[in-house]
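Chains, contacts and geometry: an overview
In case you want the letters, here they are:
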Amino acid sequence: MKRFTALFTALDQTTKTNAKVDALAAYFAEAPEPDRLWTIALLSGRRPKRTITTTHLREWAAERAGIPLWLFEESYPIVGDLAETIALVLPDPGSTSDRSLTHWIGMLRDLSKLDEAARKQGILDAWDQLTARERLVFNKLLTGGFRMGVSQKLMTRALSRATGIDESDLAHRLMGDWSPETTSFDALIRAPDPETDLSKPYPFYLAYQLDGGPEALDDPANWAAERKWDGIRGQLVLRGGQHFLWSRGEELMTDRFPEFARLIDFVPPGTVLDGEVLAWTDDAPLPFNALQKRIGRKTVPKKLLTEAPVILYAYDLLEHEGRDIRALPFAERRARLDALTADLPPEAPLRASPLLSFASWDDLAAIRSQSREHQAEGLMLKRKDAPYRDGRRKGDWWKWKVDPLTIDAVMIYAQQGHGRRANLFTDFTFAVWNGDDLVPFTKAYSGLTDEEFGRITAWVRRNTLERYGPVRQVKPEHVFEIAFEGIQASPRHKSGVALRFPRMARWRHDKPTAEANTLTDLQEMLTAYG
Amino acid sequence: MADPVLTFTDRGIYCPAADVFIDPWKPVDRALITHGHADHARPGMGRYLATDGAAPVMRHRLGDIAIETVAYGETRRIGGAAISFHPAGHVPGSAQIRVEVGGEVWVVSGDYKVAPDGLSEPFEPIRCHTFITECTFGLPVFRWDSQNAVAAQINDWWRANAAEGRATILGAYALGKAQRLLSAIDASIGPILTHGAVENTNEVLRAQGLPLPDTIRVTPEINPKDHPGALVLATPSALGTAWARKFGPASTGFASGWMALRGVRRRRAADRGFVLSDHADWEGLNTAIAETGAERIFATHGYTQIFRRWLESQGYDAAIVETQYEGETLDPDPVEAP
């Protein structure tokens, strides 16, 4: 644990990418193989099974710290991280230990077989032999969510340096459904056998946002364009008579969308598709909130299957006839995708997302301005001669989103943030006018700079009218431009509307509160875009 | 019923018996000041009363003010009140203000720190009936390491940077934290350069006789190359600016109690966060309050709601007072702030 904690600390103590890669590469070169594999797993979001409930952890930590549970609970949102809160409140340890990361993970796994009293003893004993930093790491193993300020991309780069294996190959080997308990460093990294994991997806290629227009790109003839759909990005893997649907976060979603089982009858094995999972009827996508009902459901009731059936709107073909074709140019992959989907019967839940035809960037801008009418978020631009890359890379794919909707609103409530923003007021409620009343209609947490958050925090402290627990009612004095991606009717909200992705686009120092928008303005937007 | 010893007004904490305000935030005729930070010592008061140790910095910051000084422990009769100043351990010259009217004693803590720092006059618990306390770090997650342990971390970091040819830029408040760091670190490791705002305060405190190591003021003429392996002591707001970039390749650090929280540390985007505060930690607050013997506690700034509930659960009669004190913020620096 000391070596892993030292790595964690080294990564935490620098903001410089090179220093992080150096620390990781050194760790990968010298740590014992089981620890190495666990580190790769943790840094790619694969955490050990949770054996202790967080409720128990909170109770035991408060008890060990000699503070009432409510005080622990009040402290937690301010720290913003349960593992860290526990590490901070516990008294100094009574002894030390030098056991490995793998040992502690095994110990946690074994706890699941014991009764509650024994589990509690196990955790208290562990806390009592780990230093404050080691405890933070240990608690993170308990609570999951291992964020060490290192992206999977950086981790892969470091591993590439330590092993000499090409970075893209490694990225692919690290994908999919594996755990250090079911594989070894050799089997996963050094000598992988493609037959062992039929479900293994390819790394997703992610686009950057195109700021400004596409004029900065070269000849439009070199580019293909599609609409950017507002669904869930998914990779559908069809191999060996089975199908697997992966989310961008490498989560298997197969069971949530049983519709895709039918595809085995229509698409040959050895096919991997990249596309958007969309709720779909009458040959058009439904608004995102139809799909939302299906997210988070592990099993789907029949009613929902008929109300919000899904399809994959495919935009890329990554594996064809059992061969990885990611190195082929987009135009070629796309032609094969079109051929593959051309003759599918309507009941097959698969379509190719149409390519848009345009001769100039002006043409395309006109098409983009129709996005909302098509339930789309904007456009995707893809270079026709580009391979399918991995991770987020600039140059070959761009997303060109529509401009957000905006409304000027008055800030009326403020609440402190947590974690990274613990001592700042960052969570605000905004209102629009309804006659002389201010009607709250949305919250927003992001969009301001740290410096602006600092200034608004100082202002909130001096202009609090009332406190309701952690929420402060403030003088209605500041107007903010709220940007959002969509608007829907919502009977649960006082204002009757719910916004999608609201954030603070600008602090309108120039606007008096009387000039903020009204509830009528919001209702008009609902009629136009809801 | 007689007036309470102190009342809370929209101008500040007021003593009716003496007709004086303590650390007021709006102009008043007569102000008693606990210490020189900008949220406690503001301009525009008719007359000021502060300790001998706090006055020079106040003059430096507030210019030509009518200020009278008092020694720690010396009792002044003002109207019907007996008033005295006692060390708060926050920064050099900082005081708690004790107010006694008709046998009833109230103490205003200002900002305070219980652990000695080798530079500020150490905190003295004062017995009282009512204690007005800050609670900037009034949560059990805040527990400070000893100053020696933190100084050792900074020394190690500085040495490693010097060995690798990097400058070491450490952000800290210009009044208090900066001087405390200067006196705690190992000045033999290398030269120490200071931001103008830090050096101005250094000069004031040196003139008062506080022992500080030699420092070099950063001016446009200073060439960082002439001072390899230097520690640069900067104000928080100077970190990440063009001013800081002129030192070339550097590791940046920030010293504050808030650095105890990993999330806050990351927001600062400094390479290193050192947990060092001029305010009491959880245990410090609780010890200080217990030692006053007070039954009634007012919490002024910090995690007041949670802290009040905690105090009530410990049997105190506790309440919150709204003030405009800010405690330890990350920026702007309380000395630089307007």
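Reading guide: rules and limits
Residues numbered from 1 in each chain as written. Chains lettered and ligands numbered in written order. Predicted model: local features only at pLDDT ≥ 70, side-chain atom pairs only at ≥ 80, totals over all residues. Heavy atoms only, no water. UniProt positions renumbered as here; feature names shortened; annotations may be inferred. Helix = DSSP H or I, 4+ residues; strand = E, 2+ residues; numbered from the N terminus. Expected span 1.5 Å × (residues − 1). Buried < 20%, exposed > 50% of the residue type's maximum accessible area, 1.4 Å probe, protein only. Arc of directions from axis to C-beta. Contact = heavy atoms within 4.5 Å. pLDDT = per-residue confidence, 0-100. Salt bridge = Lys/Arg side-chain N within 4 Å of Asp/Glu carboxyl O. Pairing = 2+ DSSP bridges. Axes fitted to C-alpha atoms, helices over the stretch in contact; angles between N-to-C directions. Lys, Arg positive; Asp, Glu negative; His and termini not counted. Polar contact = N/O pair within 3.5 Å; in protein donor to acceptor, adjacent residues only side chain to side chain. Buried area = accessible area lost by both parts, 1.4 Å probe. Nonpolar A, V, L, I, M, F, W, Y, C, P; charged D, E, K, R; others polar. Left-handed = near helix turned anticlockwise from the far one by under 90°. Core = buried A, V, L, I, M, F, W, Y, C linked by side-chain atoms within 4.5 Å. Domains from an automatic or database assignment.

The name that an unreviewed UniProt entry assigns to chain B is Metallo-beta-lactamase superfamily protein, with the source organism given as Palleronia marisminoris.

Going by an unreviewed UniProt entry, chain A carries the name DNA ligase (ATP) and comes from Palleronia marisminoris. Regarding chain A, the UniProt comment filed under Catalytic activity (unreviewed entry) reads as follows: "ATP + (deoxyribonucleotide)n-3'-hydroxyl + 5'-phospho-(deoxyribonucleotide)m = (deoxyribonucleotide)n+m + AMP + diphosphate."

On to helix α2 (residues 147-163) of chain B, then. Residue and element names in this part refer to chain B. For α2, which comprises 17 residues, the first-to-last C-alpha distance of 24 Å matches the rise-based estimate of 24 Å (1.5 Å per residue) to within 8%. The set of residues buried in α2 consists of Gln147, Val150, Ala151, Ile154, Asn155, Trp157, Trp158 and Asn161. Viewed along the axis of α2, the buried residues span an arc of 165°, placing them on a single side of the element. Counted as exposed and oriented over 90 degrees from the buried face of α2: Asn148 and Ala163. Residues of α2 that are buried make contact with β12 (167-171), α3 (177-184), β13 (192-194), β15 (231-234), β16 (250-255) and β17 (272-274).

Let us look at the confidence of the model for chain B. Residue and element names in this part refer to chain B. On average, residues of chain B score 92 in pLDDT, and 96% of them reach the 70 mark or higher. Counting interchain partners and residues more than four positions distant, the pLDDT-below-50 stretch residues 332-338 has 17 contacts. Predicted complex metrics record ipTM = 0.92 and pTM = 0.78.

Residue and element names in this part refer to chain A. By the definition in use, this model includes 55 salt bridges over all chains. The shortest N-O distance in the salt bridge between aspartate 316 and arginine 333 comes to 2.7 Å. Of the two residues, aspartate 316 is situated in strand β8 (residues 310-320) and arginine 333 in helix α15 (residues 330-342); the sequence distance between them amounts to 17 residues. No difference in accessibility class separates aspartate 316 from arginine 333, as the two residues are buried. Its salt-bridge partner being aspartate 403, residue arginine 368 comes within 3.5 Å of it at the nearest N-O pair. Pair noted here: arginine 368 is in helix α16 (residues 361-368) and aspartate 403 is in the loop between β13 (397-401) and β14 (405-416), with a separation of 35 residues, a long-range link. Relative accessible area serves as the criterion here: at 14%, arginine 368 is assigned to the buried category. Among the residues examined, aspartate 403 registers a relative accessible area of 57% and is labelled exposed. Three or more residues are tied together by salt bridges with common partners; here these are Asp408, Glu481, Arg506, Arg508, Asp510 and Lys511.

Our focus in this paragraph is the sheet that holds β12(B). Where strands meet in a sheet, backbone hydrogen bonds hold them as pairs that are either parallel or antiparallel. Residue and element names in this part refer to chain B. Strands sit in the order β14-β13-β15-β12-β16-β17 across an open sheet of six strands; the sheet is parallel. At either end of the open sheet lies a strand with only one pairing partner, and these are β14 (216-217) and β17. Sheet contacts for α2: β12, β13, β15, β16 and β17; angle to β12, the most-contacted strand, approximately 150°. Contacting β12, β13, β15 and β16, α3 crosses the sheet at an angle of about 160° to β15.

Time to look at the side chain of Asp111(B). Residues and elements named next belong to chain B. Looking at the element boundaries, aspartate 111 is found in the loop between β10 (104-108) and β11 (130-135). Buried charge aspartate 111 goes without a salt bridge, the closest partner of opposite sign being arginine 42 at 10 Å. Of note is the side chain of aspartate 111, whose polar atom sits 2.9 Å from the side chain of histidine 301. Setting aside residues no more than four positions away along its own chain, aspartate 111 makes contact with His35, His40, Ala88, His90, Glu134, His279 and His301.

This paragraph deals with the interface of chain A and chain B. With 37 residues of chain A at the interface, the matching set in chain B holds 29 residues. For the pair chain A and chain B, the summed buried area comes to about 3,100 Å², and 49% of that belongs to carbon and sulfur atoms. Put simply, Glu322(B) and Arg467(A) hold a salt bridge, and the shortest N to O gap is 2.6 Å. Counting across the chain A and chain B interface gives eight residue pairs in polar contact (both at pLDDT 80 or more). Those elements that place two or more of their residues in the side of chain A that touches chain B are α1 (2-12), α5 (69-79), α6 (82-89), α9 (132-143) and α17 (450-462) of chain A. At six residues, α5(A) tops the list of elements feeding residues into the side of chain A that touches chain B. Partitioned by chemical class, the residues of the side of chain A that touches chain B number 15 nonpolar, 10 polar and 12 charged.

The packing of two helices is summarised by the inter-axis angle and the distance between the axes. Residue and element names in this part refer to chain A. It is the contact of α6 with α9, at a shortest axis distance of 8 Å, that shows an interaxial angle of 145°. Seen from above, α6 lies across α9 with right-handed handedness. Packed against α6, whose contacting residues are Leu82, Ala83, Glu84, Ile86 and Ala87, the element α9 presents Ala132, Arg135, Leu136, Asn139, Lys140 and Thr143 at the interface. Tallied by class, residues from the contact of α6 with α9 come to six nonpolar, two polar and three charged.

Turning to the nonpolar core, a few remarks are in order. Considering soluble globular proteins, one finds that nonpolar side chains tend to be buried as a cluster. Counting residues in each nonpolar core, the largest one holds 113 residues, and the members touching the most others are Ile123(A), Trp127(A), Phe138(A) and Phe142(B). When residues no more than four places from it in sequence are discounted, the contact partners of Ile123(A) are Ile52(A), Leu57(A), Trp60(A), Leu108(A), Leu111(A), Phe138(A) and Leu142(A). Grouped together as the second largest cluster of nonpolar side chains are 29 residues, Leu405(A), Ala414(A), Val432(A) and Phe484(A) included.

Turning next to the domain arrangement of chain B. Residues and elements named next belong to chain B. Each assigned domain of chain B is listed here: domain 1 (7-141 + 278-336) and domain 2 (147-274). When each unit is reduced to the centre of its C-alpha atoms, the spacing between domain 1 and domain 2 is 28 Å. At the junction of the two partners, domain 1 supplies 26 residues and domain 2 supplies 29 residues. Between the two partners, domain 1 and domain 2, sit one salt bridge.

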